[in-house]
Every structure is written in C-alpha cells, then in structure tokens.
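# Notes for the structure review
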Amino acid sequence: MNAEPRPPPARPGAQGFLTRLAMSPRFHRLAARLPGLRWMARREGAELFSIISGFVQSQALVALVEARVLHILAAGPMSTDDLSRRCAIPPEPLAVLLRAGAALKLLSRDRRGNWALAPRGAAFLTVPGLEPMVRHHHVLYGDLSDPLAFFRGQTETALAGFWPYVFGPLATENAPLAARYSRLMAESQVLVAQDTLRLVDLSQRRQLLDVGGGTGAFLAEVARAHPHLTLSLFDLPQVLAAVPDSLRGRIACNPGSFRTDPLPTGADTISLVRVLYDHPDAVVGPLLASVCAALPQGGMLVVSEPMSGGAKPDPATDVYFAIYTLAMRTGRTRSAAEIATLLTAAGFCGVQSRPGDRPYVTSVVVARRP
Ligand SMILES: CC(C)=CCC/C(C)=C/CC/C(C)=C/C=C/C(C)=C/C=C/C=C(C)/C=C/C=C(C)/C=C/C=C(C)/C=C/CC(C)(C)O
Ligand SMILES: C[S@@+](CC[C@H](N)C(=O)[O-])C[C@H]1O[C@@H](n2cnc3c(N)ncnc32)[C@H](O)[C@@H]1O
C-alpha cells in the first residue's frame, strides 16, 4: 500500500517554530539520538498513542462493566477460569480483557495469579453516576462511528433522541423517558453538587430556586450543606413527577417550562446546573432574561456546568462534552467568557468565573441582578 504522501514543507513563517521542527524528518532523527530530545519524543509518542488508542481503552472498560467483572471482583479475588464461567467469556479472550483492565489500573493480579479489584476500579464502582454514564455511552459511540459524517451534520444522531426533552414540543408526557433521563442525571449529580458548593458560598443566602433542577438531586445536597435555606425546584411537569417523596416536604416543586412560563419569584438566589449547555443561544438568552426578572435587586445567579476552556481548549470539556452536546444537536459547551457575555446581555452584572478543579465535573459562573 503506498504510504500517504508526506505533508508539503511549510512555507517559512506559516507555522510556529516548534511545529516546523516537529514536521522535520531530520529533527525526528536527531530526537531519536539525543537523550533529552529522546525523552521528549518518547513522551509525545505516548501521548499520541493514548489519543489513537483511547477508543479501545473505553471499550475495554465497557466490556468490564457489561460483563460485571468489576462488580464480581468487588466480592474478592477470582481466577481467570472462575471469571470465565461467571462472565460467559472464553478464558483466552477474557485473559486479554483482564490484562487490559490491569494495565488501566482497574484490576490487579495477586501472587497466585488471581484477579482482584484495584483502587481505581473500586473508585469507579463507588463514585456515583460513573457506571450508568459508561453504560449509556454506546449511544454516542454509534453516533461517532462515521466521524466525518457526524461533523458534517450528515448523521441523524441517536443521542438527540436519547434526551428529547430539550426539543420543546417533544418534551411530551413521556414519563418513562423522563424518568430514565432524570435517573441518569440524578446519579451523576453528587460530584457536581460537591464541586458547585465548594465554589459558591450560599451561607448568607435565604432562598434558592434551582431551575431545570431535575428531580431535586442538587437541592438535596444543598439541603444537607445549608439547612437554613428555603428551597424551590422548577422543571418540566413530567420530570417533577419523579421527585422522590422524601424530598417533597423540604423542596417546593414548581412545574413549568422556562421556554413559555414565567419563573417563580421570591428566591434571592437562582441556580442553573447543567442546563445552559443543553440549549442554543436563542433559548439561553430569553431564559437568562427570565431568571434576571425573577430575582430581586442584588439577587445571585449560579451557573454550574462543564465549560469549554475557550482560548485554552480543555482536554476533557472541549473533547467529551463539546462533542457530546454537539451530538445532542441542541446545545453547546460554552466557555466561561461566552456565558459571561450571555449573562451581561441578559442584564446581569458582577459576573465572576470560578473554574472547577475538576473541569470534567463542573465549573461555575456567578452573577448578580443590579
Ligand atoms: C493514593 C492514595 C491515598 C491511595 C491509593 C489507593 C486509593 C484508596 C485510591 C482511591 C482514591 C479515591 C478516593 C479516588 C476517587 C476518585 C474520584 C472521586 C473520581 C471521580 C471521577 C469522576 C468522573 C470520571 C466524572 C465523569 C463524568 C461524566 C462522564 C459526566 C457525563 C455527563 C453527561 C454525559 C451529561 C449529560 C447531560 C446533558 C444531556 C448534556 O445535559
Ligand atoms: C441536563 S439536565 C440537568 C438536571 C440537573 N440540573 C442536574 O444537573 O442533574 C437539564 C434539565 O433541564 C430540564 N429542562 C429542559 N428543558 C426545560 C424547560 N423548557 N423548562 C424547564 N426545565 C427544562 C430537564 O428536564 C432537565 O431536568
């Protein structure tokens, strides 16, 4: 097979100096010989390989989750043959999967050759929401099977059908669908709430309205951290129908659509947690104006969601979340600066960006009604 033609030599000045170096076969030969450069080339090579093979790592994790290998080993170490019988996977291919799991530090192997759950695998099982997230990735995986068609907008994405509530009129009385969606969000909310409450001090606030708050998982965490707060929830009727009875005494539920209905007033603080990135600017603009109108003077808005790195693209949010929200065909993963621009246009002031120390969980932007 003919090798792909090498890229033409860059026009002088067309590329940055280091990029021009990396395009030079002579520099590559030099880097293979000189110790310092060899270390750098090896590191770049490993990073490139990780990008190339990432999809195989993800699918190996899916196989371990779907075959319940991690769950089985949580009860104690097991031999390949016993796991083979439990997982209905022949010993030889299973050994490949288990060695991959060990290479990814999800599993380990003890002195007798039995397989055990490693701390990273235990953390995966313990952190709320990770398993259901991995179990639903097949939807996005299928959407990306022809990536060029996907980015050309030629793919009818299954993910858009997975979360139909964002399509206004499609937010039908589909209780089972709303319940499935809300369960996935509620399970993944714990970390988001932890990081949001670390980034925003609600101790001096009086009443919090969580708009698009799903079945109340965020407010449940707020109630634990700030028992003094009066809490209200606003979301679609079919979503609020799934609010657990245990929360209903603590949280006032306000069914409605922020596309058509006014928001309840009375709260001095409103939160939008993982809401804006689901919608285009044409929906976000009026939503933020509605939030501003519902707040008193000096009232606070908290926006919390994974955000693009903007001018400095982030390897988690500008890959996973940006492509995920693109596959949904409705929203987009915005940078804090883009969100600040939308907030200012909606009438907010005092906009502050509070980057999360886990961008893949969430970051925050706060603002005030003048
Ligand atoms: C070194 C020491 C001290 C000990 C070593 C051994 C040991 C004990 C290690 C364990 C240490 C430990 C406690 C680890 C904890 C790890 C944690 C907390 C990991 C958290 C990971 C979180 C992740 C990976 C979050 C992923 C989130 C995802 C994939 C979210 C997806 C969200 C989606 C798709 C949202 C969709 C909504 C829509 C539709 C866009 O609106
Ligand atoms: C990605 S979920 C976030 C849920 C929750 N805030 C969290 O972080 O887990 C987006 C939420 O917005 C709600 N939503 C979407 N469109 C809405 C609308 N027009 N009016 C009210 N809520 C809406 C959905 O029902 C869903 O609960």
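In the annotation of an unreviewed UniProt entry, the chain is listed under the name SAM-dependent methyltransferase and assigned to Aliigemmobacter aestuarii.

This part is about helix H3 (residues 35-66). Because each turn of an α-helix spans 3.6 residues, side chains separated by three or four positions end up pointing in the same direction. Here H3 spans 44 Å end to end across 32 residues, near enough to the 46 Å set by a 1.5 Å rise per residue. Bending of H3 peaks at approximately 55 degrees at the position of Ser53. Every buried residue of H3 is listed here: Ser53, Ala60, Leu61, Leu64 and Val65. Contacts from the buried residues of H3 go to helix H4 (69-73), helix H6 (91-103), strand E1 (107-109), helix H7 (119-126) and helix H8 (130-143). In the stretch just after H3, Arg68 is the one whose phi turns positive, near 60 degrees.

When the UniProt feature table is mapped onto this chain numbering, "domain: O-methyltransferase dimerisation" (unreviewed entry) sits at residues 50-126. Taken end to end, residues 50-126 is 66% helix and 8% strand, and its two terminal C-alpha atoms sit 25 Å from one another.

The next subject is the environment of Gly347. Along the chain, Gly347 falls in the loop between helix H17 (336-345) and strand E8 (349-354). Expressed as a C-alpha distance, the spacing of Gly347 and Ala293, which sit 54 residues apart in the sequence, is 9.0 Å. Each residue touching Gly347, except ones within four places of it in the same chain, is listed here: Cys292 and Pro370.

When cut into domains, the chain gives domain 1 (21-126) and domain 2 (139-368). Here the C-alpha centre of domain 2 lies 34 Å away from the C-alpha centre of domain 1.

Looking at the element boundaries, Gln189 is found in helix H11 (residues 175-199). For Gln189, a relative accessible area of 7% puts it in the buried group. Setting aside chain neighbours within four positions, we find Gln189 in contact with Ala217, Phe218, Val273 and Arg274.

This part covers the site of ligand 2. Taken together, 18 residues lie near ligand 2, and Tyr181, Gly212, Asp235, Val273 and Arg274 sit nearest. The separation between a nitrogen atom of ligand 2 and a polar side-chain atom of Ser257 is 3.0 Å. Between Val273 and ligand 2, the recorded distance is 2.6 Å, taken from a backbone N or O atom to a nitrogen atom. For ligand 2, the accessible surface in isolation is 580 Å², of which the surrounding protein chains cover 97%. With 3 residues, the single largest contributor to the shell around ligand 2 is H11. Across the shell around ligand 2, the residue classes break down as 7 nonpolar, 7 polar and 4 charged.

This paragraph deals with the packing of H8 against helix H16 (residues 317-328). Between H8 and H16, the least distance of the axes is 11 Å, while the angle of their chain directions is 75 degrees. Judged by the angle between their axes, H8 and H16 are roughly perpendicular. Only Tyr320, Ile323, Tyr324 and Ala327 of H16 make contact with H8, whose side of the interface consists of His136, His137, Leu140 and Asp143.

Conventions used here
Residues numbered from 1 in each chain as written. Chains lettered and ligands numbered in written order. Predicted model: local features only at pLDDT ≥ 70, side-chain atom pairs only at ≥ 80, totals over all residues. Heavy atoms only, no water. Helix = DSSP H or I, 4+ residues; strand = E, 2+ residues; numbered from the N terminus. Expected span 1.5 Å × (residues − 1). Bend = angle between axes of the 7 residues up to and from the residue. Buried < 20%, exposed > 50% of the residue type's maximum accessible area, 1.4 Å probe, protein only. Contact = heavy atoms within 4.5 Å. UniProt positions renumbered as here; feature names shortened; annotations may be inferred. Domains from an automatic or database assignment. Near = heavy atom within 4 Å. Polar contact = N/O pair within 3.5 Å; in protein donor to acceptor, adjacent residues only side chain to side chain. Areas by Shrake-Rupley, 256 points an atom, 1.4 Å probe, with all protein chains shown as cover. Nonpolar A, V, L, I, M, F, W, Y, C, P; charged D, E, K, R; others polar. Axes fitted to C-alpha atoms, helices over the stretch in contact; angles between N-to-C directions. Parallel < 35°, antiparallel > 145°, perpendicular 65-115°, else oblique.

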